[in-house]
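# Structural overview
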Amino acid sequence: MTTSEREFETLSAVMDDEADELELRRVLDATSSDPALRARWRRQQMVRELLQTRRISQPNIEVSSAVTEALTGEKSAYRNPLWSMAVAASVTMALVLGGQQLLVPKTSVMQGSVVSDLVGGVVPVLGAQPVQASLGARSLPVADRQVDSVDNERREVAALYERLAEDRYRNLARHHASRAAPMHPAPYISYVRAPAASGEKSAHQ
Amino acid sequence: MTASETDQQLVQRAQRGDLRAFDLLVLKYQGRIGALVSRYITDPSEVEDVTQEAFIKAYRAIDKFRGDSAFYTWLYRIAANAAKNHLVSRRRRPGADATIEDAELGQQAELLADVGTPEAVAMGEELAAVVEEALAALPEELRAALTLREFEGLSYDDIAAVLDCPVGTVRSRIFRAREAIDERVKQQMSGESGFR
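Rules used throughout
- Residues numbered from 1 in each chain as written.
- Chains lettered and ligands numbered in written order.
- Predicted model: local features only at pLDDT ≥ 70, side-chain atom pairs only at ≥ 80, totals over all residues.
- Heavy atoms only, no water.
- Helix = DSSP H or I, 4+ residues; strand = E, 2+ residues; numbered from the N terminus.
- Buried < 20%, exposed > 50% of the residue type's maximum accessible area, 1.4 Å probe, protein only.
- Contact = heavy atoms within 4.5 Å.
- Areas by Shrake-Rupley, 256 points an atom, 1.4 Å probe, with all protein chains shown as cover.
- Core = buried A, V, L, I, M, F, W, Y, C linked by side-chain atoms within 4.5 Å.
- Buried area = accessible area lost by both parts, 1.4 Å probe.
- Salt bridge = Lys/Arg side-chain N within 4 Å of Asp/Glu carboxyl O.
- Polar contact = N/O pair within 3.5 Å; in protein donor to acceptor, adjacent residues only side chain to side chain.
- Axes fitted to C-alpha atoms, helices over the stretch in contact; angles between N-to-C directions.
- Parallel < 35°, antiparallel > 145°, perpendicular 65-115°, else oblique.
- Nonpolar A, V, L, I, M, F, W, Y, C, P; charged D, E, K, R; others polar.
- Phe/Tyr/Trp six-rings, centres within 6.5 Å; stacked < 30°, edge-to-face > 60°.

### Section: the overall build of chain A
- The helix and strand tally for chain A stands at eight helices and zero strands.
- Along chain A, helices and strands appear, N-terminal first, in the series α-α-α-α-α-α-α-α.
- Each of the 205 residues in chain A was classed as buried or not, and the buried ones make up 28%.
- Taking all contacts inside chain A whose residues are at least 6 apart in sequence as the whole, residues at least 24 apart take part in 51%.
- Summing over all exposed atoms, chain A offers an accessible surface of approximately 13,700 Å²; the carbon and sulfur share of this is 59%.

Here you go:
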């Protein structure tokens, strides 16, 4: 028996589920490199269909080469280093952006997390989260199911931070005025009054 | 080995990325899948495109195949869906020649049978005649072995018991029977202009 005859016999056994793992592997190796063996496998499947069903469905259809070509192309594309780099870059970008989103406090958290919307939600301890100082007298929006005491606490916090911001502004203005006075072209003006914040103005009036 | 064990082994290899194994499955089932698709779609070139697409989809989804059903059953569903989707997309264009409902009701299927174009029907009939002749011309011992295998579905062990010969002899006889038939089929196909 020649080598090709042995291969054909093994192919026949594979068709009948009578080949072992090693033989199957040998057939796979052989069919990938031997078009004659592939063609025989195809013909013998057709003969089986004819014998068992007395008819054949589509004897002239042949898509195997195109399918293999398409799938091989896909595999090659995934193995392309450029593709891998593109995937790696996308993942890195997603991680960086995701990380930034986690680190930057969201406006909604700043404004709405004093009282959680969840039933039985945790009321955070004052000062345990970042609070944005504001020069304006605008109050922070409140949640619908807010408890009165928490509302008062929040207003107090807002007022406190507003006062702190005003004090800091005034100090900075005075410091600037004292430094600027000696270098001013009009030395007789020993003191430059900084423009008052609206709160200060109202206080002096 | 069970009847679908080779398919199962080929599928497992394909799941590990062995395209050669999947190629054998395509070669094995492309005719039947093509016939299924031709129940929905009449244009032969579209039948080929959709058949190809069905196999590509099957390979991409092969990790999801768990072996709960036969591989062909699973493949059949993928191909039927591919054909239906193709019909849906064609429906938006003028000149669609069949609808999903037609195909589901079997109206198109009856018109087209399972065999597609008239050329394919004629080719199939000629091949069937050649195979029957070749089978009848086989020596008795070869024909008996092949018949028990193909028509009765017996395993090599069972055929050996029936024919009272070693399993190796059964394997060799079946191979020789196929060899003789294949020679005639090959000649027939090489003479057919439409066969690829």
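### Some words on the overall build of chain B
- Counting its regular elements, chain B contains 10 helices and zero strands.
- For chain B, the sequential pattern of α-helices and β-strands runs α-α-α-α-α-α-α-α-α-α.
- Split into buried and exposed, the 196 residues of chain B put 49% on the buried side.
- Across chain B, every contact between residues at least 6 apart in sequence was considered, and the portion connecting residues at least 24 apart equals 59%.
- Summed over its atoms, the accessible surface of chain B is roughly 9,500 Å², and 49% of this surface lies on carbon and sulfur atoms.

### Concerning the nonpolar core
- Among the nonpolar cores identified, the biggest contains 78 residues, and B:Phe22, B:Phe55, B:Phe71 and B:Ile181 are the most heavily contacted of them.
- Top element by residues in this core is helix α2 (residues 19-40) of chain B. It accounts for 12 residues.
- In contact with B:Phe22, not counting residues within four places along its chain, are A:Val67, A:Leu71, B:Ala14, B:Phe55, B:Ala58, B:Tyr59, B:Ile62 and B:Phe71.

### With respect to helix α1 (residues 5-15) of chain B
- By the burial criterion, the buried members of α1(B) are B:Thr6, B:Asp7, B:Gln9, B:Leu10, B:Val11, B:Arg13 and B:Ala14.
- Among the residues trailing α1(B), B:Gly17 stands out with phi positive, at a value near 95 degrees.

### Side note on the interface of chain A and chain B
- Counting residues at the interface gives 55 residues for chain A, matched by 66 residues for chain B.
- Counting each side, the surface lost to burial between chain A and chain B is near 5,600 Å², with a carbon and sulfur contribution of 57%.
- Taken together, the links from chain A to chain B amount to 11 salt bridges.
- Summed over the shared surface of chain A and chain B, the number is 21 residue pairs in polar contact (both at pLDDT 80 or more).
- The set of elements that each furnish at least two residues to the side of chain A that touches chain B consists of α1 (3-15), α2 (21-33), α3 (35-53) and α4 (64-79) of chain A.
- Considering each element in turn, the side of chain A that touches chain B owes the most residues, 14 residues, to α3(A).

### Looking at the packing of helix α8 (residues 140-150) of chain B against helix α10 (residues 167-191) of chain B
Residue and element names in this part refer to chain B.
- Contact geometry for α8 and α10: axes closest at 8 Å, N-to-C directions at 95 degrees. Regarding the angle of α8 to α10, the classification is roughly perpendicular. Side by side, α8 and α10 meet where Glu141, Leu142, Ala145, Leu146, Arg149 and Glu150 of the first sit next to Arg173, Ile174, Arg176, Ala177, Arg178 and Ile181 of the second.
- Taken together, the residues of the contact of α8 with α10 break down into six nonpolar, no polar and six charged.

### Side note on the pattern of salt bridges
- As enumerated under the stated definition, the model contains 23 salt bridges over all chains in all.
- Connected via shared salt-bridge partners are A:Asp16, A:Arg48, B:Arg149, B:Glu150 and B:Arg178.

### Considering the packing of aromatic side chains
Residues and elements named next belong to chain B.
- Applying the stated criterion to the full structure yields seven aromatic pairs over all chains.
- On the basis of an interplanar angle of 35 degrees and a centroid distance of 5.8 Å, the ring pair of phenylalanine 71 and tryptophan 74 is categorised as tilted. With phenylalanine 71 and tryptophan 74 both in helix α4 (residues 71-91) and three residues apart, the pair spans about one turn of that helix.
- For phenylalanine 71, a relative accessible area of 4% puts it in the buried group.
- Consider the rings of tyrosine 72 and tyrosine 76, whose centres lie 6.1 Å apart with planes at 70 degrees: the pair is edge-to-face. Here tyrosine 76 and tyrosine 72 lie together in helix α4, a separation of four residues that amounts to about one turn.
- For tyrosine 76, a relative accessible area of 33% puts it in the partly exposed group.

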